[in-house]
Every structure is written in C-alpha cells, then in structure tokens.
Amino acid sequence: MIIAMRADATPEEIQGIIDKITEVGMQALNLPGGDRTVIGVASSIPADMREPLTELMLSLPGVDHVAQVSRTYKLASREFHAADTVVDVKGIKIGGREVVVMAGPCAVESREQLLAAAQAVKEAGGRILRGGAFKPRTSPYAFQGLGLEGLKLLREVGAQTGLATVTEVLDHHDVEAVMAHADILQIGARNMHNFPLLVAVGKASRPVLLKRGPSATIDEWLLSAEYILSEGNPSVILCERGVHPLDRTYTRNTLDLSAISVIKEVSHLPVIIDPSHATGSWRYVPAMSRAAIAAGADGLLVEVHPDPKQALCDGPQALKPEVFARLMDDVRRIAAVIGRG
Ligand code: PEP
Ligand code: MN
C-alpha cells in the first residue's frame, strides 16, 4: 500500500501517518518525492486489514489518495518511485541519457595487463574499468584473483587513466577494503542471494552493481535490490548476465534481453547487460551488445583483455582491444538512433 500525501501536507501530517502505520504493527517507508511525499507500507497487509487500513489512512489529514501495490518489492518498484533513478559515479550518470560502458579484464592479473586493457577501454570511449580481484571460481583450483594486491592495481590504473572502477566484493568482511579501492561494488551472480553481503553493501557509501543470479526470477532479483535499498543505499545498478541455459553447447548462459523491458516497466533502477558472461564467447558479444543498447539498456559490462589467449580467467569471452573499439563505434551509432547519443 502507498499513501500519497497532498503537495501541501505538513511535516506533522506526514509524521502522523508514519506513527499510525507503526502503531498498527507495520513498517512505514517515508519516500519524499519532487512535489509530494509518498509513504509506503513495507509489511505485507493481511487481506482482511486492507480495507480498514485504507479507510483509516483516508481519514487522516494531509492524505491525497491511497493505492494498493501489487509487488513484493517496494523501494525497487516504480509504483513507489515513479522517476528513473540515475546513479552518479564520479560524475558519470548511469540510468540517464548516456549509455555507459564498463569494460576491462575478467581478473586483474598484473599492472601491465590491467594498464593495457584500461588504455584500450579509455581510447575506445569506455567510462568505467572493470577488473576482478576476488574471483568466484567454480573450481577451487582455478585462479582466485590477486586479492588486495589486485585492488591496489585497480585503483592505481583507474587513477592513471582517469577511469572510474568497478570490482566484485565476494564477502561481507571485504566491503571496507573494496570500498577503499573502487568506485562501484559489484555483487556477482553467485552472491545475489547472499543476504548478509547485500545488507553490508546496503550500508556502504558506494553504488552497487547487482548481478542477476543465473536461476533467479526477476522478482527475486528485485528483492535482492530491496535488501540494499532498505539499508539506505539508493544507488543500485541492475545487471543481467544470462540465466541458466537450456543448452550449453554454444553459449555459457542465455541472455534474457526481455529483462531490460520488464525492469524498465516495474522498476526505476538502471539496468545494464553483461554480454560476456551471458554468452561465454567473444564472437557473440558484439551482436548481443548492439541488441542490448537497441532494447534500452543503460549500459554494458564487457570483458576486454589485451591478449585473451593468455588470460588467467574467461579468455574465450574476452574481446581484443580492436574488436572492442569497433563495438564502441556501433554502440555510439545505435545510441544516437535511439536518442541517447
Ligand atoms: C564477473 O563479472 O567477474 C563475474 C564473475 O560475473 P558473474 O558473477 O556474472 O558470473
Ligand atoms: Mn569473467
């Protein structure tokens, strides 16, 4: 349920509504908007209480109207927050007019490797450098990332090239360290259901890039976003990276492009596409990227490596710098056609 206050409602009237909701044992969310305040009831309301609660709210001063919310997520829903959220990362606006491309290697391997990738990303027009320091690998014997050393290199190379940075935080104990070194905290697909980690990044003062779990429904994904938002962090960027496939013969996952349209309808949060993990093959990355931008994605997260054959992680899906540069030309052309150039 949402209670929309009149534009001239006083702070006392707004507080009166919040107190009343709390008094009946429910959680109130105060959502100040541009021209009016909306108060949400976060708790699920038993069917037999819906009508009396609506009547009660309508009888209180300052209330304009009451509407029922159909979604289980609240703060992430468009019903609660009509305007698009624009996440600001060092002046780069994600979810606004610009299509923002984040790119770089799967893992930070060395200063030389990261710098070469970052220079390629920068020259081609990418805005944000990606690079994993803590790698969630399927096998415990695979390269696990450089850890703190990787974070330091990411920060150094980001500063040197003037790119903002994004990197995965795997464990809630590492949030502070990752925050000290990177501009965006990435929650990987495997961790979308890691609730203590979501709570920890919800308390952090950095935007969060939240990947969709490979078997997660859109509602589950948005409920994970809700964990972050409800802790007070409003800057969540959703990232679709492919869902569990029917057939792994040709692609690693199945890119759910329709998620872009669904998210734009039901949520106000920006949504980007990771075509690299979605397909697992560099050959399919340019086409899926073009399709994502045409479909209205706010940006891309793409793996780029100066020498994919030597990559310690995800080489087969990494773009060479020259392929990435061509892709960026295409992205700019498509963005211009859809009025986002
Ligand atoms: C990544 O982007 O580095 C990554 C591990 O991706 P995902 O969590 O989508 O598998
Ligand atoms: Mn990867």
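Residues numbered from 1 in each chain as written. Chains lettered and ligands numbered in written order. Predicted model: local features only at pLDDT ≥ 70, side-chain atom pairs only at ≥ 80, totals over all residues. Heavy atoms only, no water.

Caption draft 1: Inspection of the overall build of the chain at higher detail. On a plain count of helices and strands, the chain comes out with 11 helices and 14 strands. Its C-alpha atoms give the chain a radius of gyration of 21 Å, within 12% of the compact-globule value 20 Å for 341 residues. Dimensions along the principal axes, computed over C-alpha positions, put the chain at roughly 70 × 45 × 40 Å. Classification of the 341 residues of the chain by burial places 54% in the buried group. Long-range pairs, those at least 24 residues apart, make up 67% of the contacts in the chain with a sequence separation of at least 6. When the accessible surface of the chain is summed, it comes to about 14700 Å², and 54% of that surface belongs to carbon and sulfur atoms. Averaging the positions of the 35 positive and the 40 negative side-chain charges in the chain gives two centres separated by 7 Å. (Helix = DSSP H or I, 4+ residues; strand = E, 2+ residues; numbered from the N terminus. Rg over C-alpha atoms; globule rule 2.2 N^0.38 Å. Buried < 20%, exposed > 50% of the residue type's maximum accessible area, 1.4 Å probe, protein only. Contact = heavy atoms within 4.5 Å. Areas by Shrake-Rupley, 256 points an atom, 1.4 Å probe, with all protein chains shown as cover. Lys, Arg positive; Asp, Glu negative; His and termini not counted. Charge placed at Lys NZ, Arg CZ, Asp CG, Glu CD.)

Caption draft 2: Looking closely at the coordination of the manganese ion (ligand 2). Looking at the manganese ion (ligand 2), the protein donor atoms are Cys 106 (SG), His 277 (NE2), Glu 303 (OE) and Asp 314 (OD), and they sit 2.0 to 2.4 Å from it. When the donors of the manganese ion (ligand 2) are listed by position in the chain, the intervening gaps give C-x170-H-x25-E-x10-D. Of this pair, His 277 sits in helix H9 (residues 275-279) while Asp 314 sits in the loop between strand S14 (299-303) and helix H11 (321-337); the two residues are 37 residues apart in sequence, bridging distant segments of the chain. One exposure class covers both His 277 and Asp 314, and it is buried. (Donors = N, O, S within 2.8 Å, 3.2 Å for Na, K, Ca; no water.)

Caption draft 3: Structural context of the sheet that holds strand S3 (residues 37-41). Pairing is antiparallel across the open sheet formed by 4 strands, whose spatial order is S2-S3-S1-S4. Two strands lie at the open edges of the sheet, namely strand S2 (28-32) and strand S4 (63-67), each paired on one side alone. When strand polarity is set aside, the average angle formed by the axes of neighbouring strands in this sheet is 20°. Helix H1 (residues 11-23) contacts strand S1 (2-5), S2, S3 and S4 of the sheet and is inclined by roughly 5° relative to S3. (Pairing = 2+ DSSP bridges. Axes fitted to C-alpha atoms, helices over the stretch in contact; angles between N-to-C directions.)

Caption draft 4: Spatial organisation of the pattern of salt bridges. All told, the structure shown has 19 salt bridges when counted by the stated rule. A salt bridge links Lys 20 to Glu 23; the shortest N-O distance between them is 3.4 Å. Placement of the pair is Lys 20 and Glu 23 together in helix H1, with a separation of 3 residues, close to one helical turn. Its relative accessible area of 25% is what places Lys 20 among the partly exposed residues. The shortest N-O distance in the salt bridge between Glu 231 and Lys 203 comes to 2.8 Å. (Salt bridge = Lys/Arg side-chain N within 4 Å of Asp/Glu carboxyl O.)

Caption draft 5: Highlighting the site of ligand 1. The full set of residues close to ligand 1 is Arg 130, Lys 135, Pro 136, Glu 168, Gln 186, Gly 188, Ala 189, Arg 190, Lys 211, Arg 241 and His 277. Contact distances for ligand 1 include 2.8 Å between an oxygen atom and a side-chain N or O atom of Lys 135. Arg 190 places a polar side-chain atom, nitrogen or oxygen, 3.0 Å from an oxygen atom of ligand 1. Here ligand 1 loses 97% of its free accessible area of 300 Å² to cover by the protein chains. Residues that form the shell around ligand 1 fall into these classes: 2 nonpolar, 3 polar and 6 charged. (Near = heavy atom within 4 Å. Polar contact = N/O pair within 3.5 Å; in protein donor to acceptor, adjacent residues only side chain to side chain. Nonpolar A, V, L, I, M, F, W, Y, C, P; charged D, E, K, R; others polar.)

Caption draft 6: Main features of the sheet that holds strand S8 (residues 128-130). One closed barrel accounts for 8 strands, arranged S7-S8-S9-S10-S11-S12-S13-S14; its pairing is parallel. The sheet shows a mean angle of 25° between the axes of neighbouring strands, direction not considered. The strands touched by helix H3 (residues 111-124) within the sheet are strand S7 (100-104) and S8, with S8 carrying the most contacts at an inclination of about 145°.

Caption draft 7: Up close: H1. Taking 1.5 Å of rise per residue, the 13 residues of H1 would be expected to cover 18 Å, and the 18 Å separating its terminal C-alpha atoms lies within 8% of that figure. Buried within H1 we find Ile 14, Ile 17, Ile 18 and Ile 21. Projected down its long axis, H1 shows its buried positions confined to an angular sector of 95°, all on one face. Counted as exposed and oriented over 90 degrees from the buried face of H1: Glu 12 and Glu 23. Turning to H1, the residues buried within the fold contact S1, S2, S3, helix H2 (47-58) and S4. Two residues or fewer past H1, Gly 25 is found with a positive phi of approximately 85°. (Expected span 1.5 Å × (residues − 1). Arc of directions from axis to C-beta.)

Caption draft 8: Geometry of the domain arrangement of the chain. Taken domain by domain, the chain holds domain 1 (2-67) and domain 2 (87-337). The gap between the C-alpha centroids of domain 1 and domain 2 is 38 Å. (Domains from an automatic or database assignment.)

Caption draft 9: The environment of Leu 185, seen in detail. By the element assignment, Leu 185 lies in strand S10 (residues 184-187). Residue Leu 185 is classed as buried on the basis of its relative accessible area, which comes to 0%. Distance in space between the C-alpha atoms of Leu 185 and Pro 52 is 43 Å, their sequence separation being 133 residues. Contacts of Leu 185, omitting those with residues within four sequence positions, involve Thr 167, Val 169, Val 175, Val 178, Met 179, Val 201, Ala 204, Arg 206, Pro 207, Val 208 and Leu 209.

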